[in-house]
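Topology and contacts: notes
Spelled out from the first residue to the last, the chains are:
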Amino acid sequence: SSRNDVFGERGVSMSLTHRDGPSEVLVAARVGWASVKACWLPMVVLWFLSVATVVSYYGCPGFAAMLEPLRRWQVESGCLASFLSRFFFCGVLPGVFLVTVKSIRPKYAYWSALAQGLWGGFGGIVYDFIYRGQSWLFGDGTDGQTLLVKMLVDQFVITVVYAAPVNACVYFWFSRDFSFRRFKAEFPRPFLTRALLPNLVTNWCVWIPVVTVIYAFPQQLQLQVSGFACAFWTLTCLQISSRSHAK
């Protein structure tokens, strides 16, 4: 599984062996935390860039004007803009690393990039509706209370119920070279502690700060400004799935 470690060999690759009760939960949490530690530097850079982007948007009129074409594209093209944006950031951009860096190149590098792009594009459409829904429910305020509520709904409702379990399954299949036979044979059981929990631990570490910043932007820009974070998360998901395998 080490060839699917998208951040190289710095992280300690751990397979989950069968355990009962709290010990299994602890090991699952360690798998997620190992992925966090393996990519802590780019994660911190991502946090910094997210904060710098939103500060620049509200503090520098010229920077806000630079993002205006993206906002207009999102408004005018809707689902198409959402799909194409995430196709690029979840497929093309991570695909450059998967294809060109030998140590992390999967067996089917080009197919992996295409599959990740299509899956990311679908996710872009879904999250465009989620961002719209949050705006409709809680308004477009940028005060701390509004941002906190949106972040909590995003990370502890939508992510737990939908995003994390679905992504855990999809990226596990990706990391098994798109083989349904390997997916079935190697699928981590129990799913909750061997696949879902590691994904959630890493997800919360990466996304809680980032998604709070995303919700500080106007709703029509939220999907577009999340692109680089999604590229980072695509690579992280591949790493998590490569660590979580059945014995």
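Given the structure is predicted, the values throughout are model-derived calculations rather than measurements.

Criteria and thresholds
- Residues numbered from 1 in each chain as written.
- Predicted model: local features only at pLDDT ≥ 70, side-chain atom pairs only at ≥ 80, totals over all residues.
- Heavy atoms only, no water.
- Helix = DSSP H or I, 4+ residues; strand = E, 2+ residues; numbered from the N terminus.
- Buried < 20%, exposed > 50% of the residue type's maximum accessible area, 1.4 Å probe, protein only.
- Contact = heavy atoms within 4.5 Å.
- Areas by Shrake-Rupley, 256 points an atom, 1.4 Å probe, with all protein chains shown as cover.
- Core = buried A, V, L, I, M, F, W, Y, C linked by side-chain atoms within 4.5 Å.
- Salt bridge = Lys/Arg side-chain N within 4 Å of Asp/Glu carboxyl O.
- pLDDT = per-residue confidence, 0-100.
- Axes fitted to C-alpha atoms, helices over the stretch in contact; angles between N-to-C directions.
- Parallel < 35°, antiparallel > 145°, perpendicular 65-115°, else oblique.
- Nonpolar A, V, L, I, M, F, W, Y, C, P; charged D, E, K, R; others polar.
- Left-handed = near helix turned anticlockwise from the far one by under 90°.
- Expected span 1.5 Å × (residues − 1).
- Disulfide = S-S within 2.5 Å.

1. A short note on the overall build of the protein
Helix and strand counts for the protein come out as ten helices and zero strands. Along the protein, helices and strands appear, N-terminal first, in the series α-α-α-α-α-α-α-α-α-α. Evaluated residue by residue, the protein yields a buried proportion of 49% over its 247 residues. Across the protein, the fraction of contacts at a sequence separation of at least 24, relative to all contacts at a separation of at least 6, is 78%. Taken as a whole, the protein presents about 11,900 Å² of accessible surface, with 71% of it coming from carbon and sulfur.

2. Regarding the nonpolar core
The tendency in soluble globular proteins is for nonpolar side chains to be buried as a group. Among the nonpolar cores identified, the biggest contains 30 residues, and Tyr127, Val206, Trp207 and Phe217 are the most heavily contacted of them. The set of elements that each furnish at least two residues to this core consists of α2 (40-59), α3 (61-77), α5 (109-138), α6 (144-175), α8 (191-214), α9 (219-225) and α10 (227-243). At six residues, α8 tops the list of elements feeding residues into this core. Among residues more than four places away in sequence, those in contact with valine 206 are Met43, Leu46, Trp47, Phe232 and Trp233. Listed in part, the five residues of the second largest apolar core include Val170, Tyr171, Phe174 and Phe178.

3. Considering the pattern of salt bridges
On inspection of all chains with the given rule, the structure shows six salt bridges. Among the ionic pairs, glutamate 68 bridges to arginine 71, the shortest N-O distance being 2.7 Å. Note that glutamate 68 and arginine 71 are positioned in helix α3 at a spacing of three residues, about one turn of the helix. Among the salt bridges present, the one from arginine 182 reaches aspartate 177, with a minimum N-O distance of 3.1 Å. Judged by relative accessible area, which is 14%, aspartate 177 ranks as buried. Salt bridges sharing partners connect three or more residues here, namely Arg176, Asp177, Arg182 and Glu186.

4. Thoughts on the confidence of the model for the protein
A residue-level look at the protein finds 84% of positions with pLDDT of 70 or above and a mean pLDDT of 81. Mean pLDDT in the protein bottoms out at α10, which sits at 70, and peaks at α3, which reaches 94. A low-confidence stretch, residues 1-20 (pLDDT under 50), is modelled with 58 contacts involving residues beyond four sequence positions or located in other chains.

5. Section: the packing of α2 against α3
With their axes 5 Å apart at the nearest point, α2 and α3 run at an angle of 105° to one another. Viewed along their axes, α2 and α3 adopt a mutual orientation that is roughly perpendicular. Side by side, α2 and α3 meet where Thr53, Ser56, Tyr57 and Gly59 of the first sit next to Pro61, Phe63, Ala64 and Leu67 of the second. Taken together, the residues of the contact of α2 with α3 sort by class into five nonpolar, three polar and no charged.

6. Observations concerning the packing of α5 against α6
Put simply, α5 and α6 touch, their axes get as near as 12 Å, and they point 160° apart. Between α5 and α6, the crossing angle belongs to the class labelled roughly antiparallel. The two elements α5 and α6 meet at a crossing, and its hand is right-handed.

7. Quick word on α5
Counted at 1.5 Å a residue, the expected span for α5 with its 30 residues is 44 Å, and the 41 Å between its end C-alpha atoms agrees. Phi for glycine 139, located one or two positions after α5, is positive at around 85°.

8. Describing the state of the cysteines
Scanning the model with the defined rule gives zero disulfides in all. The cysteine cysteine 90 is free of any disulfide, with cysteine 230 supplying the nearest cysteine sulfur at 4.8 Å. Accessibility expressed as a relative area gives 6% for cysteine 90, which makes it buried.

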